[in-house]
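Residues per chain, in single letters:
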Amino acid sequence: MFSPLIRSVRRWARPAHLGWAVAALLMLASTSVQAIPAYARQTGSACADCHAGSYGPQLTPYGMRFKLNGYTDTDGKGFKVPVSGQLKETYTNPATGKSSTDLSEGDLYLAGRLTDQVGGFVKIEADRTGHDTYNTRLSNVDLRFVAKELKLGGKDLTLGVSVNNSPGFQDPIAALPNASFISPVGVTGTFLSLAAPNAPTDRVIGTTVYALYDKNWYGEAGTYRSLPTSTQDHFGYNIASDPGKLHDTGYFRFAYMKDMKTQFFSAGVVALTTDRSLPRSGPSDKLTDLGYDLTYQYLGNREHILQLSYVNILEQRHYGADLFGPGGVVAPDRGDVRDQTLTATYTFHQTYSLAVSHMLSTGTRDSVRYPPFGDPDATSNMITLFWAPFGKDDSYTTIANLKLAATWYRITRFNGRETNIFGAPPGAQPTRAGDLNAFSLSASVAF
Amino acid sequence: MLSPFPQAWRSEAHRGRWLHGIALGALMVGWLAASPAARAGDATAGADVFKSECAECHTVKEGRNKKGPSLFGIVGRQSGSIADYSYSDALKQANWVWTADKLHWYLSQPAKQANPGTKMKYDGLTDAKQLDDLLSYLSSVH
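Residues numbered from 1 in each chain as written. Chains lettered and ligands numbered in written order. Predicted model: local features only at pLDDT ≥ 70, side-chain atom pairs only at ≥ 80, totals over all residues.

**Q** I'm lost on the overall build of chain A in this one. Help?
**A** Scanning chain A from N- to C-terminus turns up seven helices and 16 strands. At 22 Å, chain A has a C-alpha radius of gyration in line with the 22 Å of a compact globule built from 447 residues. For chain A, the spread of C-alpha atoms along the principal axes amounts to about 70 × 50 × 40 Å. Per-residue burial over chain A gives 49% buried out of 447 residues. In chain A, of all internal contacts separated by at least 6 residues, the share reaching a separation of at least 24 is 60%. (Helix = DSSP H or I, 4+ residues; strand = E, 2+ residues; numbered from the N terminus. Rg over C-alpha atoms; globule rule 2.2 N^0.38 Å. Buried ≥ 20, exposed ≤ 12 C-beta atoms within 10 Å, placed from the backbone. Contact = placed C-beta atoms within 7 Å.)

**Q** What is the right way to look at the environment of Ala174 of chain A in this model?
**A** Residues and elements named next belong to chain A. With respect to the helices, strands and loops of the structure, Ala174 is situated in the loop between β5 (155–164) and α6 (177–180). For Ala174, a count of 23 C-beta atoms within 10 Å gives the class buried. For the pair formed by Ala174 and Val141, sequence separation is 33 residues and the distance between their alpha carbons is 15 Å. If we skip the residues at most four places from it in the chain, Ala174 touches Pro57, Leu59, Ala179 and Ser180.

**Q** In this structure, what is going on with the packing of helix α5 (residues 100–107) of chain B against helix α7 (residues 128–140) of chain B? I would like to understand it.
**A** Residue and element names in this part refer to chain B. In contact at an axis separation of 11 Å, α5 and α7 are set at 135° when each is read in the N-to-C sense. As the angle between them shows, α5 and α7 are arranged oblique. In this structure, the crossing between α5 and α7 has a hand that is right-handed. From α5, Ala100, Leu103, His104 and Leu107 reach across to α7, where they touch Leu131, Leu135, Leu138 and Ser139. Of the residues belonging to the contact of α5 with α7, the class tally is six nonpolar, two polar and no charged. (Axes fitted to C-alpha atoms, helices over the stretch in contact; angles between N-to-C directions. Parallel < 35°, antiparallel > 145°, perpendicular 65-115°, else oblique. Left-handed = near helix turned anticlockwise from the far one by under 90°. Nonpolar A, V, L, I, M, F, W, Y, C, P; charged D, E, K, R; others polar.)

**Q** Can you walk me through the interface of chain A and chain B in this structure?
**A** For an interface, size is often stated in terms of accessible area lost upon the parts coming together. Taken together, the contact pairs 15 residues of chain A with twelve residues of chain B. Taken together, the residues of the side of chain A that touches chain B sort by class into two nonpolar, six polar and seven charged.

**Q** Sorry, what's going on with α7 of chain B here?
**A** The α-helix advances 3.6 residues per turn, and as a result positions three or four apart in sequence lie on the same side. An ideal rise of 1.5 Å per residue puts 18 Å on 13 residues; α7 of chain B measures up with 19 Å between its terminal C-alpha atoms. Taken residue by residue, α7 of chain B has Gln130, Leu131, Asp132, Asp133, Leu134, Leu135, Ser136, Tyr137 and Leu138 of chain B as its buried positions. (Expected span 1.5 Å × (residues − 1).)

**Q** Looking at this structure, I do not really get the pairing of strand β13 (residues 352–363) of chain A. What am I missing?
**A** Residues and elements named next belong to chain A. Of the pairings in the sheet, the one linking strand β12 (residues 334–348) to β13 comprises twelve bridges and is antiparallel in character. Residue pairing in the sheet places Arg338 in a bridge with Thr362 of β13. Between the end of β12 and the start of β13, which pair antiparallel, lie three residues, with His349 showing a positive phi angle near 55°. The sheet contact formed by β13 and strand β14 (residues 378–387) spans ten bridges and is antiparallel. The partner of Ser357 across the bridge, within β14, is Met382. (Pairing = 2+ DSSP bridges.)

**Q** What's the story with the nonpolar core in this structure? I'm lost.
**A** Here is a general trend for soluble globular proteins: nonpolar side chains tend to be buried in one another's company. All names here are of chain A. Core analysis: the biggest nonpolar cluster contains 48 residues, and Cys47 and Ala111 have the highest contact counts within it. If near-sequence neighbours (up to four positions away) are discounted, Cys47 is found in contact with Ala35, Ala40, Ser54, Tyr55, Gly391 and Asn401. Core analysis: the next-biggest nonpolar cluster, separate from the first, contains 17 residues, Leu194, Ala195, Tyr409 and Ala438 among them. (Core = buried A, V, L, I, M, F, W, Y, C linked by C-beta atoms within 7 Å.)

**Q** What's the story with the confidence of the model for chain A in this structure? I'm lost.
**A** Interpretation of the predicted coordinates at a detailed level should be avoided for regions scoring low in pLDDT. Per-residue confidence for chain A averages 92 on the pLDDT scale, and 92% of its residues sit at or above 70. Low confidence marks residues 1–16 of chain A, where pLDDT is under 50. Its contacts with residues over four positions away, or in another chain, come to 18 contacts. (pLDDT = per-residue confidence, 0-100.)

**Q** Explanation requested: unusual backbone geometry in the structure shown.
**A** With the exception of glycine, most residues fall at negative phi, and the peptide bonds are largely trans. Residue and element names in this part refer to chain A. Each neighbour pair has its own omega, and for Leu278 with Pro279 the value is 0°, a cis peptide bond. Mapped onto the secondary structure, Pro279 falls in the loop between β9 (263–277) and β10 (284–298). With phi around 55°, Asn415 is a residue other than glycine that occupies positive phi space. Tracing the chain through its elements places Asn415 in the loop between β15 (401–413) and β16 (438–446).

**Q** So what exactly am I meant to see when it comes to the pairing of strand β8 (residues 245–259) of chain A here?
**A** Two faces belong to every sheet, and in a regular strand the side chains alternate between them. All names here are of chain A. Where strand β7 (residues 217–226) lies against β8, six bridges are found, and the strand directions are antiparallel. Note that in β8 the partner of Glu220 across the bridge is Arg253. Here β8 runs beside β9; their pairing, made up of 13 bridges, is antiparallel. Along β9, the bridge assignment pairs Met257 with Ser266. Linkage of β8 to β9, two consecutive antiparallel strands, is achieved through a turn of three residues, within which Lys261 is found at a positive phi near 70°.

**Q** Would you mind showing me how to read the confidence of the model for chain B here?
**A** Residues and elements named next belong to chain B. Per-chain confidence: chain B averages 80 in pLDDT, with 72% of residues scoring 70 or above. Throughout residues 1–13 the model reports pLDDT below 50, and contacts reaching past four residues in sequence, or to other chains, amount to seven contacts. Every residue in residues 26–38 scores below 50 in pLDDT, and together they form five contacts with partners more than four places removed in sequence or on other chains. For this predicted complex, the interface confidence comes out at an ipTM of 0.82, alongside a pTM of 0.87.

**Q** Sorry if this is basic, but what is going on with the packing of helix α3 (residues 43–53) of chain B against α7 of chain B here?
**A** Angle between the axes and distance between the axes are the two parameters that describe a pair of packed helices. Residues and elements named next belong to chain B. Two elements in contact, α3 and α7, have axes whose closest approach is 7 Å; the angle formed by their N-to-C orientations is 100°. The pairing of α3 with α7 is recorded here as roughly perpendicular in orientation. The residues of α7 that touch α3, namely those facing Ala43, Ala45, Gly46, Ala47, Val49, Phe50 and Glu53, are Gln130, Asp133, Leu134, Ser136, Tyr137 and Ser140. Looking at the contact of α3 with α7 residue by residue, the classes come out as seven nonpolar, four polar and two charged.

**Q** What should I look at first to understand the environment of Ile173 of chain A in this one?
**A** All names here are of chain A. In this structure, Ile173 sits in the loop between β5 and α6. In this structure, the C-alpha to C-alpha distance between Ile173 and Tyr237, residues 64 residues apart in sequence, is 28 Å. Dropping the residues within four chain positions of it, Ile173 is found in contact with Met64, Ala255, Met257, Ser266, Gly268 and Thr295.

**Q** Explanation requested: α3 of chain B in the structure shown.
**A** All names here are of chain B. When we look at burial in α3, the residues that qualify are Gly46, Val49, Phe50 and Glu53. Taken around the axis of α3, the buried residues stretch over an arc of 105°, which confines them to a single face. In the core, the buried residues of α3 are packed alongside α7. (Arc of directions from axis to C-beta.)

**Q** Looking at this model, I keep getting lost on the environment of Met120 of chain B. Mind explaining?
**A** All names here are of chain B. Checked against the element boundaries, Met120 lands in the loop between α6 (111–114) and α7. Along the chain, Met120 and Leu91 lie 29 residues apart, while their C-alpha atoms are 9.7 Å from each other. The residues touching Met120, leaving out its near neighbours within four places in the chain, are Gly68 and Ala111.

Here is the structure:
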């Protein structure tokens with residue numbers, strides 16, 4: 001007889017993994033925040049001023065400043081309705097399983113300024129879950145109060161407070177997983193990853209205080225707590241993926257960023273520490289995430305834009321419960337998990353983009369927690385080619401946009417293996433890592 | 001002995017005219033160096049400078065304001081004169097004409113130093129060639 005914890009662990013041994021992994025990959029594409037036309041109407045700017053590819057999510061330094069200023073910048077022409085929408089039709093072709101073409105997503109954005117010091121971003125997302133059925137959920141939230149144009153020691157200072165529901169989503173550099181929407185897929189992952197099982201993304205609420213000093217130095221500190229499961233349910237989330245009960249959670253961020261107009265670079269560190277009880281009535285695990293990120297942008301005259309980012313996050317875990325596997329094997333009481341992502345994006349004329357991501361999820365060997373091989377390592381790639389014809393100063397329209405995208409999801413290693421990744425016994429159909437691959441075509445309109 | 005000049009130029013009369021020509025040329029060069037036209041750079045290169053330095057907040061489209069006002073026809077324009085743009089009080093009171101000289105002065109330093117109280121956030125363009133190129137481009141937009 002297994003404890004609930006062991007049953008929870010054993011669930012991962014089932015081939016249900018296959019569907020979950022594909023769903024996680026598709027989620028990476030579907031959850032991405034796009035250029036918000038309401039912001040363009042508010043500022044008079046074009047989508048391309050804030051997003052290299054005119055449709056997002058990759059931010060230009062100007063887009064970072066807009067975010068840091070609490071989404072409050074304006075052209076000064078009075079109140080603009082802070083509402084936008086997005087519709088997305090997607091053709092999905094997984095390597096195994098049936099292809100489908102659906103209106104996959106409809107979004108409502110409440111995004112913009114309320115006053116010169118208060119602004120925000122709220123995304124309400126409806127995702128297709130079956131035949132003509134949609135699940136509506138409260139997606140990303142980032143509400144801000146900001147004090148701008150302060151001086152400290154003769155240097156510029158911006159101070160702000162963010163109330164948000166995903167650690168890292170609020171980051172201005174937008175390289176961290178919850179802001180870039182790029183995260184390794186695997187059987188485990190760091191707490192800062194949005195693709196990890198039981199990730200906190202959109203299921204927590206937190207407050208952080210941030211400062212930008214002398215335009216280059218960024219610091220942020222805050223705390224989070226998980227939403228009650230009943231609230232998660234009301235907000236459209238399956239409580240089976242509850243991130244658990246969180247105690248003593250701290251989020252810390254420090255970065256140096258340099259905008260040289262034609263180039264930009266940043267170097268940052270991030271830390272998140274929490275005591276997590278999962279299930280909520282169980283003992284707590286001590287999780288400590290320590291990461292760093294490096295980014296570079298060549299912007300030039302905006303004809304050819306190259307953006308590079310590398311994120312490396314190590315999570316140290318100290319498990320609170322003794323865990324026993326089959327045959328009485330005792331699981332280690334400590335373990336590490338590491339997420340790494342390298343992304344390169346080339347954008348031509350702020351219209352055509354090619355983004356390539358290489359993602360690694362690795363961890364300490366643990367035969368009890370990571371059956372059947374005790375190896376959680378996974379390697380994946382995401383390649384996206386897209387065309388966004390509008391949203392530039394010389395476009396037909398600067399405040400609405402269209403995006404046609406082709407995306408390949410490729411998994412080359414899962415559960416530490418390339419073949420028979422779920423350890424099928426002799427005679428059973430083995431699953432290759434490549435069986436988790438998928439291809440999608442999508443058309444999105446934002447207005 | 002070889003000379004770059006024709007034989008006739010070596011006569012006293014011609015030497016006098018030649019020296020007079022050099023002096024006139026020098027005066028012309030000096031005048032040009034002191035005038036906005038002398039700073040006129042490469043307008044094509046200036047378009048690139050505009051894209052990297054100015055385009056986030058300004059366009060050169062007539063009637064289209066972003067965070068900053070349209071720069072269509074900016075050279076020669078009265079400051080604070082676009083009717084549907086909300087200028088800062090500081091710029092409304094500046095009451096100057098955006099000549100090439102004025103723009104050169106304004107853009108070569110932090111905006112808040114040139115016009116205290118302005119809402120323009122710009123640290124200034126210190127590269128002289130880029131500034132000349134930019135002014136040449138802005139002069140061409142009208």
